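A look at the structure
Okay, here's what each chain looks like letter by letter:
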Amino acid sequence: MEPATREIFFVKRPVGMVQEDSFRMETRKLPTLGAGDILVRIRYLSVDPYMRGRMNLGRSYAPPFDLGSVMVGGGVGTVEQSRDPNINAGDWVVGQMPWADYCVTSGAGVRVLDESMPPTTALHVLGMTGLTAYFGLLHVGQAKSGDVVVISGAAGAVGSQVGQIAKIIGCKVIGIAGSDAKTQLLQDTYGFDGTINYKTQDLREQLAEICPTGVDVYFDNVGGNITDGVVNYLNDFARIAICGQISLYNSVEPELGPRTLMPLLLTRRATARGFIVGDFAPQFGDALKQLQQWYQKGQLRMLEDVVEGLQNTPQALIRLFRGENVGKQLVRLP
Ligand SMILES: NC(=O)c1ccc[n+]([C@@H]2O[C@H](COP(=O)([O-])OP(=O)(O)OC[C@H]3O[C@@H](n4cnc5c(N)ncnc54)[C@H](OP(=O)(O)O)[C@@H]3O)[C@@H](O)[C@H]2O)c1
């Protein structure tokens, strides 16, 4: 008999900060497996800032979530039953998964994990997070040895990987984060050369002091006031990799910032380029090999911030926008 599963539905588009009332949990019986299907017991879910964008209507790179649909995102789980000849019961798999205890899905839509790696790494260092850092820094930011790299959202999942990769290739790395505990972590655990707590320190004064020769690559995860400050320190021919703008994701009205960016890009002959990690999908295989090598050598570390229980998944998502997560935000389903 198929088990019952709890599922979390998206039921209300948030206005401003996302709240728990956008979600509702229900229980239902799972469907029977068809040919090629697998039954997955979901073990970990990834919650990610882009999910907030999908809660709004309007054009973006991913379609809006439909009201009344089950929330989905990256997840890893174990296969309980399989009608896919290439997947066995007991295998760990990664893929898009519902916010649910179990799901019946096509085996073709998941990837079986190499069990020599901890399974959750497929949701960060050896998954979307690591790939975003890798392509954003090396391909979009064109970082090279000797560059001064400044990272906003530096203590988060993507930011911490960007900083470590930048150190591996020989850059000077400065991280901007929202608490002393996080800036300490950047220095002690991730080996950053300099840090700024944007909540308690004067960003511009600190940048002038820590980056006296200017900034060659700015890896932007947050946008807003922080970016308004950093761009003043760009060197000639600097590159901005626009990875995320989390400070604006819950905005109700578009914000009008200082109109200094375009003149600065002009006079410094700098480049700002937005990117979505999926743009690089054809090159994921080689990048994952490199990321795995660095991870196995201990050069890429990642803290996991684990919230327990499916019912707390909305709360885990909200933590990202409050800056409460330290490292990759995951939900563990016991
Ligand atoms: N382009 C792509 O393909 C791609 C792929 C993955 C992720 N991303 C983007 O990368 C960024 C980081 O994602 P992540 O998964 O690694 O999340 P994360 O950095 O682990 O978590 C989000 C962090 O953002 C910071 N933050 C939240 N609100 C803020 C605000 N108003 N001002 C400044 N900082 C704020 C908080 O850190 P503090 O405590 O330091 O404030 C928080 O811990 C996001 O913008 C995300 O959308 C882009």
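Rules behind the numbers
Residues numbered from 1 in each chain as written. Predicted model: local features only at pLDDT ≥ 70, side-chain atom pairs only at ≥ 80, totals over all residues. Heavy atoms only, no water. Phe/Tyr/Trp six-rings, centres within 6.5 Å; stacked < 30°, edge-to-face > 60°. Helix = DSSP H or I, 4+ residues; strand = E, 2+ residues; numbered from the N terminus. Buried < 20%, exposed > 50% of the residue type's maximum accessible area, 1.4 Å probe, protein only. Domains from an automatic or database assignment. Contact = heavy atoms within 4.5 Å. Buried area = accessible area lost by both parts, 1.4 Å probe.

1. Here's the deal with the packing of aromatic side chains
Taken as a whole and assessed by the stated rule, the structure comprises 8 aromatic pairs. Geometrically, the ring pair formed by Phe135 and Phe280 is stacked, given 4.6 Å between the ring centres and 10° between the ring planes. Of this pair, Phe135 sits in helix α2 (residues 128-140) while Phe280 sits in the loop between β14 (271-274) and α8 (284-296), and the two are 145 residues apart along the sequence. We note that Phe135, like Phe280, is buried. On the basis of an interplanar angle of 70° and a centroid distance of 6.3 Å, the ring pair of Phe219 and Phe275 is categorised as edge-to-face. Note that Phe219 is positioned in strand β12 (residues 215-220) and Phe275 in the loop between β14 and α8, a separation of 56 residues in sequence. In this pair, the class of Phe219 matches that of Phe275, namely buried.

2. So, the domain arrangement of the protein chain
Domain parsing of the protein chain yields domain 1 (4-123 + 303-332) and domain 2 (128-278). Each of domain 1 and domain 2 has a C-alpha centre, and these two points are 29 Å apart. With 18 residues of domain 1 at the contact, the number on the domain 2 side is 12 residues. The junction of domain 1 with domain 2 conceals about 1200 Å² of combined surface from both sides, 62% of it contributed by carbon and sulfur atoms. If you sort the residues of domain 1 by the area they bury against domain 2, Tyr61, Leu303 and Phe321 come out on top, with a joint share of 27%.

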